Each structure stands twice: as structure tokens, then as C-alpha cells.
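Fold and contact review
Residues per chain, in single letters:
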Amino acid sequence: MIFNVKLPDSPLIVDSGASVCITPHRRDFKPGTYTSSKMKIRDLSGVNKVHGEGIIQWPAKDSNDNTVLIEVPGFHLDSTEVRLLSPQVLQRSVPGSGFTMIDGKSSILLPGDHIIRAPVSNRSNLPEMLLSTDPVLLDSTFGVETFGFGTDLSDVWNAHFNVCKESNTNLRQSKKELLLWQHRLSHFNLGMVHSLLRDTQWLRVHDQPDSALHNGPILCSKYPSSKSSPREIKCAACLMAKACLRTPQGPRAAAGPVPDKVLKTSHLAPGQCISCDHYVSPTKGRNLDGYGKATASNGYTGGAIYVDHASGKIFHFPQTSLSASETLRGKQSVERAATDLGFRVKSYHSDNGIFASAEFQAHCGSLPM
């Protein structure tokens, strides 16, 4: 069911001295949240047995005569005769809620600028909140969980029936009636619904006109539907349910062959060009010196990799930071290692980061050609 009506047969007392919320009615709990309990609650009258616990839903009228739901965790006690709301529990459960005095009356403040009055009752001398008997769209219904409708019923109407409104002049009344019947029959096939609205003889023997099991339409029709072809009508929900992924029509750009080793083209001598890039390690590495006694804050956080285009030789230098100064020290180490191997570095290739800084480029400008 989408609508739920709760009768206020027990008063709802707002007690700032209460530490829990209680209700004598199991129907007050949100469906799917009620669980049995063996707890006991002690008060001035003695020890009360708790039958269950869960999320309690109480509908109430705010100052603008709108029905809002109060949802708080609470307990089910058969022995009590009143509902009890704890403002402290409400503030912990509903962010943005509060309890205050407005015009000398206790008031509950809820998100969305909802103010619920709780005047002092002559019977109990305690603030009592009047529960609403208006139908409420519960948040636990199938429609709300599936389609995300709020408690405003106009959202449901606008989402489902805007095509069939009187203001829609694009459809004749007979077509609107056919769509409404299709919605009523859980989006049954439009052609079958159209046949059920036609005035015909059902299950008639071919050569016996009076042998029909039923004469006339199966479904009541207010407008003649013989002129309304179901092919002219489309249901948006049915089209969305039957939608599938398709390849868009149009010219396709053929992917060309991926060029291989473009960066190494015409680089035939060692040191003619070296590609370089940084890598980052989220786990700090151990330094090469210090016998493992150095702090983790001074460990390696990444490094630089240099690859010679001609020979394919890889130079790797770990770094404690990816700053320009540490990168330049690694670059100098590469150049010393290249000298030991009998060649000189003539150019570097990179794309971003520290390698694009003015300090690194100025250092590269000092290379011998």
C-alpha cells in the first residue's frame, strides 16, 4: 500500500525528561525496522518489559497544516497508555531538528522549516502533540524506493499522468483513455488493451452469430476507440523498459596503425637523446645508507628513470623528493655514468613536471653539442 492512516488513539507527549521514545502500538513502527527485544525499562512505577524496538513514524501537522513524518528510534511497550517523544532522541536522530518555546508553547523544529506545536494538555499538564489522520506517503513503499518520489503526491501525479491531462491537446480523448487503461492494467500490450475496448462478439462460432460468449467491449469505454489505432500511441515507460544499447549511425573514422618507436627515429648513437620521467611511491623506501636506522620521513618517495634511445639502457635514481634540485642531482649522476661508459648525453626528452621548469632547462642548455 502507498497510503497509510494512523489513528491518534493514544496521545503523544513531548517529555524533555525522557531518555527514550516509546509507543504502545506496533503499527507505529516503520515497516522492516521492527525487531523483538528482551530489554527492560525502569521508571518510577517499576520495571516495564520491552516487546520490540525499531524506527517509529508519527505523522503530525505543522504550523502550515502540512503533514510531516517524525522518525525516531524507539521501543514498543504494551503496558503504557501514551506515546512518549524524547526531544533529545529527536535531535540525535534527525540533524537540524530542535525543541524550543514559541509564543509560550512547546514546539518541535524539523528540517524544511517545519514547526509542530505541542500545547500543554489540561489532562496531563504536559506538552501533547496532535497526530494527523491524513493519508501519508511512507518512505518505505515500493514506489518511493524505486522512483524516489517524496511525500508530495503532486510529484507522483505529474510524473505519471501529465500526458493524459486535459490540457494536453495533442491526444484525443479516446487515445488518453487507451493510455489510462494500459497504465491501469500494469502496462499491458497496447494492441490487446485496444481490442478489449472494441465493441465486438467474443468467442463466436463462425457460422452461428448468436453463439458469442460475450457481446460488446470487455473494458468500459467512455469514448469510441475504433478510430484510435494503438500504433499511433507510445507509452514512455514501456519504451524506456524496452530500450537497449545501439551503435549510432554515421561514418566511422578508421583507426590508423600505431607508429612504433617514433621517439627513437634517427637516434642511432648512444647519448644522442635520453627520455626521462618521474614515478611516485606511496610507501616510503629505505635509504641506501644509514643501516635502516633513518626515520621514515627521510625515506625515498619516488625517483627518476632515464632511458637511452639508441642503446635502450635504463638509468634509475631514487629520490627523497621530486624537487628540481634532487632531479638535477640525478641528471648529473646520469651524465657521469654515461661518461664512464664512453659517451656523452646530448639531449633529453620529457613532457611535464620538473623537467619543464626553467632550472632544469637551463641546466640542459649547458650540455656539449
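Quick notes on the rules
Residues numbered from 1 in each chain as written. Predicted model: local features only at pLDDT ≥ 70, side-chain atom pairs only at ≥ 80, totals over all residues. Heavy atoms only, no water. Pairing = 2+ DSSP bridges. Helix = DSSP H or I, 4+ residues; strand = E, 2+ residues; numbered from the N terminus. Contact = heavy atoms within 4.5 Å. Axes fitted to C-alpha atoms, helices over the stretch in contact; angles between N-to-C directions. Core = buried A, V, L, I, M, F, W, Y, C linked by side-chain atoms within 4.5 Å. Buried < 20%, exposed > 50% of the residue type's maximum accessible area, 1.4 Å probe, protein only. Expected span 1.5 Å × (residues − 1).

With mixed pairing, four strands are arranged side by side in an open sheet as β19-β18-β17-β20. Edge strands, defined here as strands with exactly one partner in the open sheet, are β19 (314-319) and β20 (348-349). Judged from the six bridges that link them, strand β18 (residues 300-308) and β19 form a sheet pairing that is antiparallel. Note on β19: the bridge partner recorded for Gly-302 is Gln-319. Running over the sheet, helix α7 (residues 324-341) touches β17 (274-285), β18, β19 and β20 and is turned about 150 degrees from β19.

By size, the foremost hydrophobic cluster in this structure holds 21 residues, and its most contacted members are Trp-58, Ile-70, Val-72, Leu-85, Ile-108, Ile-116 and Met-129. Counting only elements with at least two residues in this core, the list comes to β2 (12-14), β7 (52-61), β8 (67-76), α1 (87-93), β11 (105-110) and β12 (114-118). Not counting residues within four places of it along the chain, the set of residues in contact with Ile-116 comprises Ala-60, Lys-61, Asp-62, Val-68, Ile-70, Ser-106, Ser-107, Ile-108, Leu-110 and Met-129. Among the nonpolar cores identified, the runner-up in size contains 13 residues, and Tyr-306, Leu-328, Phe-355 and Phe-360 belong to it.

Okay, α7 next. For α7, with 18 residues, the first-to-last C-alpha span of 26 Å sits near the 26 Å given by 1.5 Å per residue. Residues of α7 that are buried make contact with β17, β18, β19, β20 and α8 (358-364). One or two steps after α7, the chain reaches Gly-342, where phi turns positive at roughly 100 degrees.

This brings us to the sheet that holds β11. With respect to topology, three strands assemble into an open sheet ordered β10-β11-β12, the strand pairing being antiparallel. Edge strands, defined here as strands with exactly one partner in the open sheet, are β10 (98-102) and β12. The average undirected angle you get between the axes of adjacent strands in this sheet is 35 degrees. Pairing between β11 and β12: five bridges, direction antiparallel.

Turning our attention to unusual backbone geometry. Positive phi values are uncommon outside glycine, yet Ser-186 reaches one of about 60 degrees. Here Ser-186 shows up in the loop between α4 (173-184) and α5 (190-196). Given a relative accessible area of 64%, Ser-186 falls into the exposed group. Located in the positive-phi region is His-187, a residue other than glycine, with phi close to 60 degrees.

On to the pairing of β18, then. Within β18, seven of the nine residues are buried, leaving the element largely enclosed by the surrounding structure. The turn joining β18 and β19, which pair antiparallel and follow one another in sequence, is formed by five residues; a positive phi near 80 degrees is taken by Gly-312.

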